[in-house]
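Residues per chain are reported as follows:
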Amino acid sequence: MSATIDSDTAWDAFARRDRAFDGRFVVAVRSTHIYCKPSCAARRPRREHVAFLPDAAAAQAAGYRACRRCLPDSVARDRAAVIAAAALLAADAPPPLAALAAGVDYAPHHFHRLFHRLTGVTPAAYARTCRADRVLAALRASDGVTAAIYAAGYGAPSRFYADAARLGMTPQAAAAGGAGETLHWVRLAAPPGPLLLAASARGWSRFAFDEDVDEDGAALRAAFPAATLLRGDAAFRARATARVGRAAAVPADAALPLAIRNIAFRTLLHAQGNPD
């Protein structure tokens, strides 16, 4: 069992059938000599009959066999498939669902549900966030919006403009470093890590982790050097906090790589639309 999970936390996750803990430990039932996922749908044994072990290998070494109902040995395979699919979805030309699922050896409908269960978002929504991430970079680097459309990997302007709506400003303003825009911003804690949220009067302009999260907004200034930046007031912070809370309430696999969880979480934030 992970050093960060004590037995009380593990039992609580098992009692609630919490899928977010699948893969973080297995539940070994002494009375049946079977080990299960925390989310197994079978009837719960008494606590004194249960042991929490780090993984399937530890359970097998202790003489337990895998549950045929929840298939605990499939967790690693499922997670590896989602990680591989996320890399394909981040490419310039992400494959459609059928090809994506075939690439990781799953049936399309099953893999769609699996990807959504582990990340909290659909493959298509994840791909849109990856594609939208390329919009701002393309606008900065290209000579005009038309050139940026193709530099970002779009085959048609309509899809580009749909994703560019996530900039919270026109593509022309974004290409000009946010000229004429006023961005309010705030820093908040989120499950993947510290998060910066910024919005213009038109809509949310940026959800960013890691290097964009600083005390004075310098990284936001680098993204939009011509914009006016204002630290968000109490009302703005409250709206941003509510948005983060709604996204944080969506179950996701905490054992996925941080980069994937960051993209999925930003996808959930974008899915809620413009500021209230």
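Preceding this paragraph is the structure being described.
Rules used in this analysis
- Residues numbered from 1 in each chain as written.
- Predicted model: local features only at pLDDT ≥ 70, side-chain atom pairs only at ≥ 80, totals over all residues.
- Heavy atoms only, no water.
- Axes fitted to C-alpha atoms, helices over the stretch in contact; angles between N-to-C directions.
- Helix = DSSP H or I, 4+ residues; strand = E, 2+ residues; numbered from the N terminus.
- Parallel < 35°, antiparallel > 145°, perpendicular 65-115°, else oblique.
- Contact = heavy atoms within 4.5 Å.
- Nonpolar A, V, L, I, M, F, W, Y, C, P; charged D, E, K, R; others polar.
- Expected span 1.5 Å × (residues − 1).
- Buried < 20%, exposed > 50% of the residue type's maximum accessible area, 1.4 Å probe, protein only.
- Arc of directions from axis to C-beta.
- Pairing = 2+ DSSP bridges.
- Phe/Tyr/Trp six-rings, centres within 6.5 Å; stacked < 30°, edge-to-face > 60°.
- Salt bridge = Lys/Arg side-chain N within 4 Å of Asp/Glu carboxyl O.

Caption draft 1: Structural context of the packing of helix H3 (residues 74–89) against helix H5 (residues 108–119). Where H3 meets H5, the axes come as close as 10 Å, and the angle between the chain directions of the two elements is 95°. In terms of axis orientation, H3 runs roughly perpendicular to H5. Taking contact as the criterion, the partners of Asp-78, Arg-79, Ala-81, Val-82, Ala-85, Ala-86 and Leu-89 in H3 are, on H5, Phe-111, Leu-114, Phe-115, Arg-117, Leu-118 and Thr-119. In terms of residue class, the contact of H3 with H5 is built from nine nonpolar, one polar and three charged.

Caption draft 2: A look at H5. The terminal C-alpha atoms of H5 lie 16 Å apart, and with twelve residues this matches the ideal 16 Å at 1.5 Å per residue to within 8%. Taken as a whole, H5 has its buried residues at Phe-111, Leu-114, Phe-115, Leu-118 and Thr-119. Along the long axis of H5, the arc covered by the buried residues comes to 105°, so they all point the same way. Packing partners of the buried residues in H5 comprise H3, helix H4 (97–103), helix H6 (123–141) and helix H12 (258–270). Downstream of H5 by one or two residues, Gly-120 has phi in the positive range, about 90°.

Caption draft 3: Fine view of the sheet that holds strand S8 (residues 228–231). If you walk across this open sheet you meet the four strands as S7-S6-S5-S8, and the pairing is mixed. Either end of the sheet is taken by a strand with one partner, and the two such strands are strand S7 (204–209) and S8. Strand after strand, the sheet turns through a mean of 25° between neighbouring axes, direction not considered. Relative to S7, strand S6 (residues 193–199) runs antiparallel, the two sharing five bridges. Bridge pairing in S7 links Ala-199 to Trp-204.

Caption draft 4: Summary view of the packing of aromatic side chains. What the rule picks out here adds up to ten aromatic pairs. A centroid spacing of 5.7 Å and a plane angle of 50° characterise the contact between Tyr-106 and Phe-111, whose relative ring orientation is tilted. By relative accessible area, which is 9% here, Tyr-106 ends up buried. Residue Phe-111 is classed as buried on the basis of its relative accessible area, which comes to 0%. With a centroid separation of 5.6 Å and an interplanar angle of 85°, the aromatic rings of Phe-115 and Tyr-126 are classed as edge-to-face. Here the residue Phe-115 occupies a position in helix H5, and Tyr-126 occupies one in helix H6, the gap between them amounting to eleven residues. Side by side, Phe-115 and Tyr-126 carry an identical accessibility label, which is buried.

Caption draft 5: Structural context of the pattern of salt bridges. A full pass over the atoms with the stated rule returns eight salt bridges. With a shortest N-O distance of 2.7 Å, Asp-8 and Arg-47 are connected by a salt bridge. Of this pair, Asp-8 sits in helix H1 (residues 7–15) while Arg-47 sits in the loop between strand S2 (34–36) and strand S3 (50–53); the two residues are 39 residues apart in sequence, bridging distant segments of the chain. Here Asp-253 and Arg-79 are joined by a salt bridge, their closest N and O atoms 2.7 Å apart.

Caption draft 6: Inspection of unusual backbone geometry at higher detail. Positioned with a positive phi, His-33 is a non-glycine residue whose angle comes to about 60°. Owing to a relative accessible area of 45%, His-33 belongs among the partly exposed residues under this scheme. In this structure, Asp-105 takes a positive phi of about 65° despite not being glycine.

Caption draft 7: Spotlight on the pairing of strand S5 (residues 182–190). The sheet contact formed by S5 and S8 spans four bridges and is parallel. Residue Leu-183 lies in a different strand from S8, and its bridge partner there is Leu-229. Hairpin geometry of S5 and S6 is characterised by an intervening segment of two residues between the two adjacent antiparallel strands.

Caption draft 8: Local environment of the environment of Arg-128. With respect to the helices and strands, the residue Arg-128 is situated in helix H6. Separated by 136 residues in sequence, Arg-128 and Ala-264 have C-alpha atoms that sit 11 Å apart. If near-sequence neighbours (up to four positions away) are discounted, Arg-128 is found in contact with Asp-163 and Arg-166.

Caption draft 9: Examining the packing of H6 against H12 more closely. Relative orientation of the contacting elements H6 and H12 amounts to 95°, with a least axis distance of 9 Å. Taken together, the axes of H6 and H12 lie roughly perpendicular to each other. The segment H6 lies against H12, with Ala-125, Tyr-126, Thr-129, Cys-130 and Asp-133 engaging Ile-260, Ile-263, Ala-264, Arg-266 and Thr-267. Taken together, the residues of the contact of H6 with H12 break down into six nonpolar, two polar and two charged.

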